[in-house]
Amino acid sequence: MTAPSTAPVTDDALEALRAKLDAIDVVLLDTLRRRIGVCADIAVHKREHDVPMMQPHRIGIVQRRAADYGLEHGVDLDFLRNLYDLIIAETCRVEDEVIGA
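First things first, this report covers the structure right here in the doc. The model shown is predicted, which means the values in this text are computed figures rather than measured ones.

### A few points about the overall build of the protein
Link 1 in the chain: Counting its regular elements, the protein contains 3 helices and 0 strands.
Link 2 in the chain: Going residue by residue from the N terminus, the α and β elements of the protein occur as α-α-α.
Link 3 in the chain: A globule of 101 residues ought to have a C-alpha radius of gyration of about 13 Å, yet the protein, at 20 Å, is considerably larger.
Link 4 in the chain: Partitioning the contacts of the protein with sequence separation of at least 6, the portion at a separation of at least 24 is 64%.

Spelled out as structure tokens, the structure:
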């Protein structure tokens, strides 16, 4: 008698859905990388023109736009707020590095 398999049971439909999810993840990660790159470009501009790194009004605009998107498309607002808190923290870190360079 052989031991029962512990491998997950999958089917073609599930694998197709996972493939779609994987493709979306590639786009999501590439979009985040491009967004951070644009923030680095912004940091260069700020450094060259002596603009303060922190722009609280801009953070508010970005957060409001995400909240509006969430309301329009049924995406949880707490999730979007937490997501954008992480994204903004990372872009601020990158801007600090670029401006300090």
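### Describing the pattern of salt bridges
Link 1 in the chain: Under the criterion given, the structure shown has 7 salt bridges.
Link 2 in the chain: In this structure, the salt-bridge partner of D30 is R33, at a minimum N-O distance of 2.3 Å. On the criterion of helical spacing, the pair formed by D30 and R33 is a turn pair, its members being 3 residues apart in helix α1 (residues 12-48).
Link 3 in the chain: Looking at D30, the relative accessible area reads 30%, which means it is partly exposed.
Link 4 in the chain: For R93, the salt bridge is made with E97, and the minimal N-O distance between the two is 2.6 Å.

### Re the side chain of T91
Link 1 in the chain: Inspection of the secondary structure assignment puts T91 in helix α3 (residues 77-100).
Link 2 in the chain: A distance of 3.0 Å separates a polar side-chain atom of T91 from the backbone oxygen of I88.
Link 3 in the chain: Once residues within four sequence positions are removed from consideration, T91 is found in contact with R35, I36 and C39.

### What to know about α1
Link 1 in the chain: The end-to-end C-alpha separation of α1 is 54 Å, in line with the 54 Å expected for 37 residues at 1.5 Å each.
Link 2 in the chain: Buried within α1 are the following residues: C39, A40, A43 and K46.
Link 3 in the chain: Summarising the contacts, the buried residues of α1 are in contact with α3.
Link 4 in the chain: Between the side-chain oxygen of the N-cap and the backbone nitrogen of A13 there are 3.2 Å, and the N-cap of α1 in question is D11.
Link 5 in the chain: Just downstream of α1, D50 is the residue with a positive phi angle, here 55°.

The rules behind each value
- Residues numbered from 1 in each chain as written.
- Predicted model: local features only at pLDDT ≥ 70, side-chain atom pairs only at ≥ 80, totals over all residues.
- Heavy atoms only, no water.
- Helix = DSSP H or I, 4+ residues; strand = E, 2+ residues; numbered from the N terminus.
- Rg over C-alpha atoms; globule rule 2.2 N^0.38 Å.
- Contact = heavy atoms within 4.5 Å.
- Salt bridge = Lys/Arg side-chain N within 4 Å of Asp/Glu carboxyl O.
- Buried < 20%, exposed > 50% of the residue type's maximum accessible area, 1.4 Å probe, protein only.
- Polar contact = N/O pair within 3.5 Å; in protein donor to acceptor, adjacent residues only side chain to side chain.
- Expected span 1.5 Å × (residues − 1).

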